[in-house]
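Here are the chains, one letter per residue:
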Amino acid sequence: MKYPVTLIEGDGIGPEVTGATTKILDAAGAPIVWEKALGGLAAVEALGHPMPEQTLNSIRQNRLGLKGPLATPKGKGYRSANVHLRQELDLFVGYRPVQTLPGITTPYKDVNIIVLRENTEDLYAGIEHAITEDTVLTLKVSTHRSGERIARWAFEHMRNHGRRSILCCHKSAVVPMADGAFADAFETVAGDYPYIDSGQLEVDSLAFELARDPTPFDVLLLQNLYGDILSDLAAGLVGGLGVVPGANIGDKIAVFEAVHGTAPDIAGKGIANPLAVLSSGLLLLEYVGEQTIAERIRRAVFDVLEEGKHLTGDLGGDADTAKFTAAIIDKL
Ligand code: NAI
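Here the structure is a predicted model, which means the values were calculated and not measured.

Examining the layout of surface pockets
And step 1. As a volume, the largest pocket reaches approximately 720 Å³.
And step 2. Along the wall of the largest pocket there are 30 residues; nearest its centre are Tyr-95, Pro-97, Leu-283, Glu-286 and Arg-298.
And step 3. Of all the secondary-structure elements, those providing two or more residues to the lining of the largest pocket are β4 (93-99), β5 (112-118), α5 (144-161), β11 (245-249), α9 (275-287) and α10 (291-307).
And step 4. If one sorts the elements of the lining of the largest pocket by residue count, α9 sits on top with seven residues.
And step 5. A breakdown of the residues in the lining of the largest pocket according to their chemical character gives 20 nonpolar, seven polar and three charged.
And step 6. Reported here for the second largest pocket is a volume of approximately 310 Å³.
And step 7. As for the second largest pocket, its lining consists of 19 residues, of which Asn-82, Arg-86, Val-259, His-260 and Gly-261 are closest to the centre.
And step 8. For the lining of the second largest pocket, the secondary-structure elements that each account for two or more residues are α4 (81-88), α8 (224-237) and β12 (254-258).
And step 9. Of all the elements, α4 adds the most residues to the lining of the second largest pocket, at three residues.

This is the structure we're talking about:
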């Protein structure tokens, strides 16, 4: 059985890092058939929208996607292609595991955090208007239903994956209604899981504590904006945007993607680190139950990182994308 997966190569370094990823997964014999679809600038040029209906339909049909970073043309009336994708397919969970990797020197060892971000509401709901020439209004949307839905997903995930402790982080002291609703929904659901350690923390305290010592943290649950910011902070703790995977998960559909952007400063130079998209591909394999092959590829990646001979520039090495990719395939 082979899984059809919609592949959006994306913009900037997207084709370089997704190309390296598919090469490695194919070399490992991952049972995937890639179905290319357009997103980002290429989709605007060909189909007039950064996240066209054809692409959404391909994902709806396959239920699985792997996506490179997308640029959204600014000032042309388009909403972010990523936000559009998450909302149209109701991919309500932003899933970002952040783990210390072998061979990458960082200030802290043994970081192992899952950042979960509510993907569909908050300021990203896109409800903005000007009320006077001088004043604009952006609405922060927060429903009990969405808070409860992601909290339940979080606790179920923890129960199935042996994670013990979760913190819901918000700013309810200052935004008592929107953030308070999220916190209340969390508490309601937490009551159903007394065997999982749960608590709440103001999001600014979380930022402070993460910078001071991230090692005690396990699972973090945040609304959209806080989750966006804090997950990048967390990525910085383990080696940067080039190494951290991510996924957008709904009830029936999951789209896997790196947390980094299109990296216009290095695009086309063949030096981007494909590890983030590759690791997202490994999450995809695990999601469909192909743990063995995912583990084999992860072992090969760890071997290359531990050896340290073929690291990309962002990790302090001088290998280009092709050399790093070849080194992993060699280990396989
Ligand atoms: P960025 O993540 O593209 O770049 C930030 C820095 O990290 C740059 O110095 C870049 O060279 C480096 N970097 C990122 N990925 C790397 C990799 N794989 N290997 C080595 N170095 C890497 O963030 P920036 O510059 O803020 O955004 C650029 C564009 O990307 C914008 O148009 C933004 O909208 C878009 N973007 C798209 C995302 C997505 O599709 N998920 C996420 C974030 C930004």
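Text resumes after the structure shown.
As for helix α1 (residues 14-27)
And step 1. The first and last C-alpha atoms of α1 sit 20 Å apart over 14 residues, in line with the 20 Å expected at 1.5 Å per residue.
And step 2. Buried residues along α1 sit against β1 (3-8), β2 (32-36), β3 (64-67), α9, α10 and α11 (321-331).
And step 3. One or two steps after α1, the chain reaches Gly-29, where phi turns positive at roughly 80°.

Section: the packing of aromatic side chains
And step 1. Using the criterion set out here, one finds five aromatic pairs in the structure.
And step 2. Look at Tyr-193 and Tyr-195: their rings are 6.1 Å apart centre to centre, the planes differ by 70°, and that puts the pair in the edge-to-face class.
And step 3. Tyr-193 sits in the buried class, given a relative accessible area of 5%.
And step 4. Exposure remark for Tyr-195: the relative accessible area of 46% places this residue in the partly exposed category.
And step 5. An aromatic cluster is defined as three or more aromatic residues linked by ring pairs; in this entry it consists of Phe-155, Phe-186, Tyr-193 and Tyr-195.

What about the sheet that holds β2?
And step 1. The strand order across the open sheet formed by ten strands is β2-β1-β3-β12-β11-β4-β5-β10-β8-β9, and the pairing between neighbours is mixed. The outermost strands of the open sheet, each flanked by one partner alone, are β2 and β9 (197-202). Across the sheet, the axes of successive neighbouring strands diverge by a mean angle of 25°, strand direction being ignored.
And step 2. Pairing between β1 and β2: five bridges, direction parallel.

Focus: the site of the ligand
And step 1. Taken together, 19 residues form the shell around the ligand, and within it Leu-70, Asn-82, Gly-261, Ala-263 and Asp-265 come nearest.
And step 2. Here His-260 contributes a side-chain N or O atom positioned 3.4 Å from a nitrogen atom of the ligand.
And step 3. Here an oxygen atom of the ligand and a backbone polar atom of Ala-263 are 2.7 Å apart.
And step 4. Its free accessible area being 810 Å², the ligand has 66% of it covered by the protein chains.
And step 5. Taken together, the residues that form the shell around the ligand break down as nine nonpolar, six polar and four charged.

Here's the deal with the pairing of strand β8 (residues 165-170)
And step 1. Two elements, β8 and β9, share six bridges in a ladder whose sense is parallel. Considered in β9, the bridge of His-170 is made with Glu-202.
And step 2. Read from β8 through helix α6 (residues 178-190) to β9, the crossover connection turns out right-handed.
And step 3. Relative to strand β10 (residues 219-222), β8 runs parallel, the two sharing four bridges. The residue bridging Ile-166 from the neighbouring strand is Val-219, located in β10.

What counts as what
Residues numbered from 1 in each chain as written. Predicted model: local features only at pLDDT ≥ 70, side-chain atom pairs only at ≥ 80, totals over all residues. Heavy atoms only, no water. 1 Å grid on protein atoms, 1.4 Å probe; cavity = no way out; pocket = protein on both sides within 12 Å on 5 of 7 lines; lining within 4 Å. Points joined across faces, edges and corners; volume = space filled by probe spheres on them. Helix = DSSP H or I, 4+ residues; strand = E, 2+ residues; numbered from the N terminus. Nonpolar A, V, L, I, M, F, W, Y, C, P; charged D, E, K, R; others polar. Expected span 1.5 Å × (residues − 1). Contact = heavy atoms within 4.5 Å. Phe/Tyr/Trp six-rings, centres within 6.5 Å; stacked < 30°, edge-to-face > 60°. Buried < 20%, exposed > 50% of the residue type's maximum accessible area, 1.4 Å probe, protein only. Pairing = 2+ DSSP bridges. Axes fitted to C-alpha atoms, helices over the stretch in contact; angles between N-to-C directions. Near = heavy atom within 4 Å. Polar contact = N/O pair within 3.5 Å; in protein donor to acceptor, adjacent residues only side chain to side chain. Areas by Shrake-Rupley, 256 points an atom, 1.4 Å probe, with all protein chains shown as cover. Right-handed = clockwise from strand over helix to strand, strands pointing away.

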